[in-house]
Amino acid sequence: MTSAFDTPVAIQSIPPLSALAPCDTLVIAVPESGELSPTARVLDESQGGWVSRAIAAGTIRCKRGETTLMPGFSEDGAAMVMFIGVGDLTELTRSQAFDLGATAIRQLTDKSRSRVIVAIGEVIGSEFHDAVVAGAVTGPSNQSLYSTEPRVFPPEALDWTAVDPSAIEQGRIVGESINLTRHLVNEPPNRIFPESFAEVAKQIAGETGLAVEVWDEQRLADEGCRAMLAVGAASSKPPRLVILRHRGGGEQEPIYAVVGKGVTFDSGGLSIKPSEGMVDMKCDMAGAATVLGVMRAVALLKLPIHVVGLCGLVENMIAGNAYRLGDVIETRSGKTIEILNTDAEGRVVLADVLDVAIQHEPVAMIDLATLTGACMVALGRDVTGMMTNHAGLIGEVTQAARHEGELVWELPMFEHFGEQVKSKVADIKNIGDGRWGGAITAAKFLENFVESVPWVHLDIAGPAFNDAAKPARDGGATGVMVRTLIHWLRSKT
């Protein structure tokens, strides 16, 4: 069964010389050394050495990511040929391979193409093949979900030479899972809200074999999730908690947990945001969307481990029953929170969700949240901030991020930051003392709800959503950290 979030293209592996078969476009990789791949060599010989001369003259560019598109060389072969530079092969990374695939296919979505043959795998190492396929699958992903006229035309078929079918399947699963995360984040808030997100989660669970449980507002009340209910009280769209379970290991195998903040729209509540700060707040559920993308991949990759994914879904709005500054909320864990800023709502939601997560007794837990503008001030728009109570676990996540080429940086969790979230009238307050170290004080707040479970908090406020397009992707949602968390979980198998 397929879903609306699967790639619309058919993907398969074909023998190398099949690259010379009729197609709309043939994609050939060219390393900085100028060495020709088998397919490029055959073309060069058939054209009297023209390809070699064009590379030597710089007409065909070899710098990584640069493309040269030209008409095909014969009537019975490719109508168009794209040469894409791969740079120095000795320095190639998985992230760069991912971007090569994404860049090549994204540039071929300007019009309908029935068949694209990709020969990049003839040049790059097999350890990069799944990454380049994943990138190619994400290439057509875009944010024009509701344009009346299509702006992007994904190829109907992508055929890969010199790539093993298993690498194609792994790349396809990861790429589609990133697309799922991106799609959800790009959806407008009148389409994706707590209940509709939960329906998508149930659809994905049904298609992948994940077990799914959805707590509605009555179940949340019965479970004592008062923090979630407080944040969502002013919305006509009541909160939901989605719990997804993948049981791929033996009976005694440990459980790993991934937790996501899912504020489907954030007005700031009574601490209302200005218009320019509110316009992109559909993306405030990127943590939950990442969890769903990761859980989809875990299930389809059939990882032999146990993973539980939790998505805390609310809409932070304004009405007469909105939670107020000065309110004290008792959380599911029993700890009390003094509310001093209703726009610091994500950590209040996660207080309950983390408490539910630790009752699954995970051996390690990671949460993701578009939590603080302070993290963007500290690290910019492209870097994920990391905070932890366990050096070993953050080392594992850092290694996974480096492997996949996603940018992360650890921020310190010194004890004095915890002092800044202590309240005079409750156990803790939901903001620190002033604007300084805001990403860290937010993490110290969350640390109150993880007990002794090894835990890493990922603040993805910067890289989860970028307005500007890049050669490898459209503007909007990025799907950041999906690849990292999949790799981290695979390392546990």
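Here is a short report on the structure shown in this document. (Residues numbered from 1 in each chain as written. Predicted model: local features only at pLDDT ≥ 70, side-chain atom pairs only at ≥ 80, totals over all residues. Heavy atoms only, no water.)

Some thoughts on the environment of Ala-364
- Following the sequence through the fold, Ala-364 ends up in strand β13 (residues 364–369).
- In sequence terms Ala-364 and Gly-85 are 279 residues apart; their C-alpha atoms lie 41 Å from each other. (Helix = DSSP H or I, 4+ residues; strand = E, 2+ residues; numbered from the N terminus.)

Thoughts on the packing of helix α3 (residues 94–106) against helix α4 (residues 129–138)
- Axis separation between α3 and α4 bottoms out at 6 Å; the angle between their running directions is 35°. The element α3 and its partner α4 pack so that their crossing is right-handed. Judged by residue contacts, Arg-94, Ala-97, Phe-98, Gly-101, Ala-102 and Ile-105 of α3 engage Asp-130, Ala-131, Val-132, Ala-134, Gly-135, Ala-136 and Thr-138 from α4.
- Class assignment of the residues belonging to the contact of α3 with α4 gives a composition of eight nonpolar, three polar and two charged. (Axes fitted to C-alpha atoms, helices over the stretch in contact; angles between N-to-C directions. Left-handed = near helix turned anticlockwise from the far one by under 90°. Contact = heavy atoms within 4.5 Å. Nonpolar A, V, L, I, M, F, W, Y, C, P; charged D, E, K, R; others polar.)

A short note on the nonpolar core
- Counting residues in each nonpolar core, the largest one holds 61 residues, and the members touching the most others are Leu-184, Phe-197, Leu-292, Leu-458 and Leu-489.
- The element contributing the most residues to this core is helix α10 (residues 286–300), with 10 residues.
- Among residues more than four places away in sequence, those in contact with Leu-184 are Ile-192, Phe-197, Val-200, Met-285, Ala-289 and Leu-292.
- Within the second largest apolar cluster, 50 residues are counted, among which are Ile-337, Leu-411, Met-413 and Phe-445. (Core = buried A, V, L, I, M, F, W, Y, C linked by side-chain atoms within 4.5 Å. Buried < 20%, exposed > 50% of the residue type's maximum accessible area, 1.4 Å probe, protein only.)

Regarding helix α13 (residues 391–404)
- In a regular helix each residue adds 1.5 Å, so 14 residues correspond to 20 Å; α13 covers 20 Å between its end C-alpha atoms and thus fits that length.
- Along α13, the residues that are buried comprise Leu-393, Ile-394, Val-397, Thr-398, Ala-400, Ala-401 and Glu-404. Down the axis of α13, the buried side of the element spans an arc of 160°, and every buried residue falls inside it. Turned more than 90 degrees off the buried face of α13, the exposed positions are Ala-391, Gln-399 and Arg-402. (Expected span 1.5 Å × (residues − 1). Arc of directions from axis to C-beta.)

Topic: the packing of aromatic side chains
- Summed over all chains, the structure comprises four aromatic pairs.
- With a centroid separation of 5.7 Å and 85° between ring planes, the pair formed by Tyr-256 and Trp-488 is classed as edge-to-face. With a gap of 232 residues between them, Tyr-256 in strand β9 (residues 255–266) and Trp-488 in helix α16 (residues 482–490) connect regions that are remote in the sequence. The pair Tyr-256 / Trp-488 is uniform in exposure class, with both members buried.
- A cation over an aromatic ring shows up here: Lys-237 above the ring of Phe-193, its NZ or CZ 4.1 Å from the ring centre.
- The ring of Phe-98 carries Arg-483 above its face, with NZ or CZ at 4.0 Å from the centroid. (Phe/Tyr/Trp six-rings, centres within 6.5 Å; stacked < 30°, edge-to-face > 60°. Lys NZ or Arg CZ within 6 Å of the ring centre and 35° of its normal.)

What to know about the pattern of salt bridges
- Under the defined criterion, the tally for this structure stands at 28 salt bridges.
- Between Glu-199 and Lys-202 there is a salt bridge whose closest N-O contact spans 2.9 Å. One end of the pair is Glu-199 and the other is Lys-202, both in helix α6 (residues 194–208) and three residues apart, which spans about a single turn.
- Classification of Glu-199 by relative accessible area gives partly exposed; the value is 42%.
- Among the ionic pairs, Lys-429 bridges to Asp-433, the shortest N-O distance being 2.7 Å. (Salt bridge = Lys/Arg side-chain N within 4 Å of Asp/Glu carboxyl O.)

A word on the environment of Cys-23
- Along the polypeptide, Cys-23 turns up in strand β2 (residues 23–31).
- Overall, Cys-23 belongs to the buried group, its relative accessible area being 9%.
- The spatial distance from the C-alpha of Cys-23 to the C-alpha of Val-116 is 6.0 Å, given a sequence separation of 93 residues.
- Residues in contact with Cys-23, not counting those within four places in the same chain, are Gly-77, Ala-78, Ala-79, Arg-115 and Ile-117.

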